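Chain by chain, the residues run as shown.
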Amino acid sequence: MERLNGIPEDFYLRVCNLEARQEEWKRRRKRRLMSGFVLFLLLMLLLTFTARVIYTEKLPQVSWSRTVSSSLKEKISVEGTVSTGSPMVVYGMEELRVSEVCVNVGEQVTEGTVLYKVDTADLERCLEKLQAEYETWWGYAQNWIEGYRTANSWYQAAVWEVQRDAWREPLENDGLVRAQEAGTILELLIRPGDRMSGEPVIRYVNEKTPLMFRASISKGQKSCVHIGDRITIRFSGNQEEISDTVDWIEEKDGGYLLTVWLEPGAGQGQTEGSMEINYVSQIYDSVIGIEALRNDGNMNFIYIMEEKQGILGTELSVRKLDIRVLEKSSEQAAIAEELLDGDTKIVTDSDKELQDGCTVREKE
């Protein structure tokens with residue numbers, strides 16, 4: 001084997017092969033390192049992405065809106081009843097027994113309509129007793145001794161005479177008691193078999209009787225209803241519709257009771273109806289949805305959205321802002337807050353409870 005500069009050729013070849021293998025090993029090692037580094041970067045990217053997803057998924061999701069310039073609108077519809085402040089009455093005939101009631105609540109009667117019937121035998125017995133009492137008091141009245149007793153006797157005799165004359169008409173008409181005026185029966189206070197006292201037995205109203213419509217509203221609705229507001233009433237019985245105004249509002253049973261005095265002739269014969277109020281406020285500069293309004297027991301407040309730097313870069317957070325409510329309806333609230341402008345994002349909804357300064361994300 002020939003020598004190269006004194007180095008055997010086979011040794012020289014082995015050295016060249018060794019150097020070539022070393023170079024190949026270095027190239028492979030470099031490729032492995034590069035591949036490992038790339039894999040490391042991919043792994044870090046994957047871990048970062050996973051951590052971001054996990055972190056983001058735990059954040060409250062919120063919806064938002066901006067303030068608008070608008071008036072508040074409210075449509076209130078409530079059921080109510082028709083009643084009378086001072087109904088006319090039919091008084092009972094003391095001690096007489098009722099044999100039949102001839103009318104029903106809500107029935108319209110005319111002058112002369114039979115209201116009820118008394119037991120004629122009972123009426124005759126009571127008249128005999130009344131006649132005897134009248135004669136007794138009349139006898140006392142003839143006694144001019146003792147002035148007070150005599151004056152009282154005259155009075156009692158006069159009372160019994162009036163009552164006796166009032167009872168003669170039913171006796172002459174087979175016990176029938178008739179209406180003196182036309183009207184609508186509002187309330188029956190007697191039943192067949194009852195023995196009457198001198199108290200009212202029938203209440204009724206007519207076109208001369210002032211009627212009122214009364215309905216209850218909630219505390220939330222009260223801010224949209226005021227004395228003098230125009231309202232519409234529809235009666236259940238005949239679909240009559242009238243326009244009137246609220247005359248009185250009073251607090252009652254945790255809410256408010258509205259009273260509307262009806263015009264003469266309106267609502268006659270009706271007992272129930274519905275009242276509708278369409279309220280429109282003045283125009284306010286800053287109006288928000290009622291769902292954005294919150295209260296901590298002391299103050300009204302809202303959450304507004306802001307950007308901040310967090311562990312994953314720029315993030316969204318919320319800030320609590322106390323506000324003053326000027327007026328509100330069931331769907332909107334007008335607020336007085338000079339720090340708000342048309343670009344402020346106001347949180348309207350969140351899937352988790354919010355805290356001042358907490359990080360959030362927008363709902364997709």
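Residues numbered from 1 in each chain as written. Predicted model: local features only at pLDDT ≥ 70, side-chain atom pairs only at ≥ 80, totals over all residues. Heavy atoms only, no water.

### Here we look at the overall build of the protein chain
For the record, the criterion: Under the scheme used here, helices are H or I runs from DSSP no shorter than 4 residues and strands are E runs no shorter than 2 residues, and both carry numbers assigned from the N terminus. For the exposure calls, accessible area comes from a 1.4 Å probe over protein chains only, and a residue counts as buried if that area is under 20% of its type's maximum, exposed if over 50%, partly exposed in between. Note on areas: Shrake-Rupley, 1.4 Å probe, and residue coverage restricted to the protein chains presented here.
Check the secondary structure of the protein chain and you find four helices and 23 strands. Per-residue burial for the protein chain yields a buried fraction of 34% across its 364 residues. Surface exposure of the protein chain reaches about 22,700 Å², of which carbon and sulfur atoms provide 51%.

### Overview of the packing of aromatic side chains
Heads up, the rule is: Centres within 6.5 Å make a pair out of two Phe, Tyr or Trp rings, where for Trp the six-membered ring is used; the pair is then stacked when the planes are under 30 degrees apart, edge-to-face when over 60, and tilted otherwise. Our definition puts a charge over a ring when NZ of Lys or CZ of Arg is within 6 Å of the ring centre and also within 35 degrees of the ring normal.
Enumeration over the complete set of coordinates arrives at one aromatic pair. Arranged with centres 5.5 Å apart and planes meeting at 85°, the rings of Phe301 and Tyr303 form a pair that is edge-to-face. On the accessibility criterion, Tyr303 (6% relative accessible area) is buried. Lying across the ring of Phe301, Lys320 places its NZ or CZ 4.5 Å from the centre. Directly above the ring of Trp64 sits Lys345, whose terminal nitrogen or CZ lies 4.6 Å from the centroid.

### Some remarks on the sheet that holds strand 5 (residues 88-91)
Our working rule: When DSSP locates at least two bridges between a pair of strands, those strands are taken to pair.
Within the open sheet, the four strands sit side by side as 5-11-10-7. Their pairing is antiparallel. Every interior strand has two partners, whereas the edge strands, strand 5 and strand 7 (108-109), have only one. Sheet topology note: the strand 5/strand 11 (residues 200-205) ladder contains four bridges and is antiparallel. Residue Met88 lies in a different strand from strand 11, and its bridge partner there is Tyr204.

### A short note on the pairing of strand 14 (residues 241-245)
Along any regular strand the residues' side chains alternate between the sheet's two faces. In this sheet, strand 14 lies alongside strand 13 (residues 230-235) in antiparallel orientation, the contact comprising five bridges. When the sheet's bridge partners are listed, Thr232 is paired in strand 14 with Ser243. In textbook terms, the turn of a hairpin is the stretch between consecutive antiparallel strands, and for strand 13 and strand 14 this stretch comprises five residues, one of which, Gln239, has a positive phi near 60°.

### Here's the deal with the side chain of Ser329
Just so we agree on the cut-off: Residue contacts are counted whenever heavy atoms from the two residues lie within 4.5 Å of one another.
As for its position among the elements, Ser329 is in the loop between strand 20 (313-328) and strand 21 (332-336). Overall, Ser329 belongs to the buried group, its relative accessible area being 6%. In this structure, Ser329 is in contact with Leu72, Lys73, Glu74, Cys224 and Ile290, ignoring residues within four places of it in sequence.

### Focus: empty space enclosed by the protein
As a reminder of what qualifies: A 1.4 Å probe that fits but cannot get out identifies a cavity on a 1 Å grid over protein atoms alone, an open set with protein on both sides within 12 Å along at least five of seven lines counts as a pocket, and a residue lines either if it has an atom within 4 Å of a point. Grid points are joined across faces, edges and corners, and a volume is the space filled by probe spheres set on the points. Basically, the charged four are Asp, Glu, Lys and Arg, the nonpolar ten are Ala, Val, Leu, Ile, Met, Phe, Trp, Tyr, Cys and Pro, and anything else, Gly included, counts as polar.
Here the structure, examined in full by the defined rule, presents one cavity of 30 Å³ or more. Size it by volume and the largest cavity reaches roughly 90 Å³. What lines the largest cavity is a set of 13 residues, among which Thr184, Leu186, Val205, Gly269 and Gln270 lie closest to the centre. Mapped by element, the contributors of at least two residues to the lining of the largest cavity are strand 4 (68-84) and strand 10 (183-188). Taken together, the residues of the lining of the largest cavity sort by class into five nonpolar, eight polar and no charged.

### A few points about the pattern of salt bridges
The condition that has to hold: Here, a salt bridge means any Lys or Arg side-chain nitrogen found within 4 Å of an Asp or Glu carboxyl oxygen.
On inspection of all chains with the given rule, the structure shows twelve salt bridges. Its salt-bridge partner being Arg195, residue Asp122 comes within 3.1 Å of it at the nearest N-O pair. Taken together, the residues span a long stretch of sequence, with Asp122 in helix 2 (residues 120-141) and Arg195 in the loop between strand 10 and strand 11 at a distance of 73 residues. Owing to a relative accessible area of 39%, Arg195 belongs among the partly exposed residues under this scheme.

### What about the nonpolar core?
For clarity, the threshold we go by: The nonpolar core is taken to be a set of buried Ala, Val, Leu, Ile, Met, Phe, Trp, Tyr and Cys residues, with the residues joined through side-chain atoms within 4.5 Å.
Among the nonpolar cores identified, the biggest contains 24 residues, and Phe213, Val225, Ile233, Leu258, Leu262 and Met275 are the most heavily contacted of them. Of all the secondary structure elements, the ones that give two or more residues to this core are strand 4, strand 12 (211-217), strand 13, strand 16 (255-261) and strand 17 (272-289). Looking at this core element by element, the count peaks at four residues for strand 12. In contact with Phe213, other than residues within four places in its own chain, are Gly80, Thr81, Val82, Ile233, Phe235, Leu258, Thr259, Val260, Leu262, Gly273, Ser274 and Met275.

### Observations concerning the sheet that holds strand 6 (residues 98-101)
By definition, the strands of a sheet pair up through backbone hydrogen bonds, in either a parallel or an antiparallel sense. Keep this limit in mind: Between the N-to-C directions of two axes lies an angle of 0 to 180 degrees, each axis being a line fitted to C-alpha atoms and, for a helix, fitted only over the stretch in contact.
Ordered by their spatial adjacency, three strands build an open sheet running 6-8-9, and the pairing between neighbours is antiparallel. Lying at the two open borders of the sheet, with one neighbouring strand each, are strand 6 and strand 9 (176-178). Neighbour-to-neighbour, the strand axes of this sheet turn through a mean angle of 25°, independent of strand direction. Relative to strand 8 (residues 114-118), strand 6 runs antiparallel, the two sharing three bridges.

### Quick word on a nonpolar patch on the surface
Heads up, the rule is: Residues qualify for a patch when their relative accessible area is over 30% and they have no salt bridge, like charges being joined within 9 Å and the nonpolar side chains of Val, Leu, Ile, Met, Phe, Trp and Tyr within 5 Å.
A surface patch of nonpolar side chains, amounting to about 390 Å² of accessible area, comprises Phe37, Phe40, Leu41 and Met44. Summarising the element assignment, Phe40 is placed in helix 1 (residues 9-57). Judged by its relative accessible area of 45%, Phe40 falls in the partly exposed class.

### Concerning the confidence of the model for the protein chain
Worth spelling out the cut-off: Values of pLDDT, the confidence the predictor places in each residue, fall between 0 and 100.
Averaged over all residues, the pLDDT of the protein chain is 80; the fraction at 70 or higher stands at 80%. When the elements of the protein chain are averaged for pLDDT, strand 1 (residues 3-4) gives the smallest value, 48, and strand 6 the largest, 94.

### Some remarks on unusual backbone geometry
We note that Glu95 has phi near 80°; this positive angle belongs to a residue other than glycine. Judged by its relative accessible area of 33%, Glu95 falls in the partly exposed class. One non-glycine residue, Asp174, lies in the positive phi region at around 60°. With respect to the helices and strands, Asp174 occurs in the loop between helix 3 (147-172) and strand 9.

### Things to note about the environment of Glu94
You can see Glu94 is positioned in the loop between strand 5 and strand 6. Residue class for Glu94 comes out partly exposed when judged on its relative accessible area of 43%. Along the backbone, Glu94 and Cys126 are 32 residues apart, and their C-alpha atoms lie at a distance of 9.4 Å.

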